[in-house]
Amino acid sequence: MKDLGEDLRAFWRERHLCTMTTVRADGTPHVVPVGVTLDADSGIARVITSGGSHKVRHVLAAGDAGAAVAVCQVDGRRWSTLEGRAVIRTDPESVADAERRYAERYRVPRENPARVVVEIRLTRVLGNV
């Protein structure tokens, strides 16, 4: 992921609402709006959310190998999709790091004691930026 161009990296630093797609047990897509942060150097995208959300349940149901997911953002003709394997992080250090990254891109997140991190190790990057 280190070879991502500067235009794509910049696009993922801009403030855009994103979508996250997980797969339900019946194989249908579950698409929800989220805020996403990208650490392009490590190839990891992060989503902060409540631990009881459907997206978290879908990722946990996939087991230790993680779930195949996609996050996407669109701005006119510019768009990018990040695909990868997601796992859930609940440790305080991971949550605090993800909250800090979210605050840099969006705003300071509201208090949420049930917060977890959907950590996505990227396998593919698509887009037109």
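Each remark here, short or long, concerns the structure printed above.
Here goes a summary of the coordinates provided. (Residues numbered from 1 in each chain as written. Predicted model: local features only at pLDDT ≥ 70, side-chain atom pairs only at ≥ 80, totals over all residues. Heavy atoms only, no water.)

Taken as a whole and judged by the stated rule, the model has 12 salt bridges. With a closest N to O distance of 2.8 Å, Asp97 and Arg100 form a salt bridge. Highlighted residues: Asp97 and Arg100, both in helix H3 (residues 92–105), separated by three residues, approximately one helical turn. Taking the relative accessible area as the measure of exposure, Arg100 reaches 42% and is therefore partly exposed. A salt bridge links Arg100 to Glu104; the nearest nitrogen and oxygen atoms lie 2.9 Å apart. Separated by four residues within a single helix, Arg100 and Glu104 lie in helix H3, roughly one turn from each other. On the accessibility criterion, Glu104 (60% relative accessible area) is exposed. A cluster of three or more residues bridged by salt bridges with shared partners is formed by Asp39, Arg46, Asp97, Arg100, Arg101 and Glu104. (Salt bridge = Lys/Arg side-chain N within 4 Å of Asp/Glu carboxyl O. Helix = DSSP H or I, 4+ residues; strand = E, 2+ residues; numbered from the N terminus. Buried < 20%, exposed > 50% of the residue type's maximum accessible area, 1.4 Å probe, protein only.)

Another point: the pairing of strand E1 (residues 18–23). The side-chain alternation of E1 yields one buried face, formed by Cys18, Met20 and Thr22, and one unburied face, formed by Thr19, Thr21 and Val23. Note that E1 and strand E2 (residues 29–34) share six bridges and pair antiparallel. Residue pairing across strands places Met20 opposite Val32, the latter belonging to E2. The hairpin formed by E1 and E2 contains five residues between the paired strands, and Gly27 there has a positive phi angle of roughly 90 degrees. Of the pairings in the sheet, the one linking E1 to strand E5 (residues 67–75) comprises four bridges and is antiparallel in character. Along E5, the bridge assignment pairs Thr21 with Ala70. (Pairing = 2+ DSSP bridges.)

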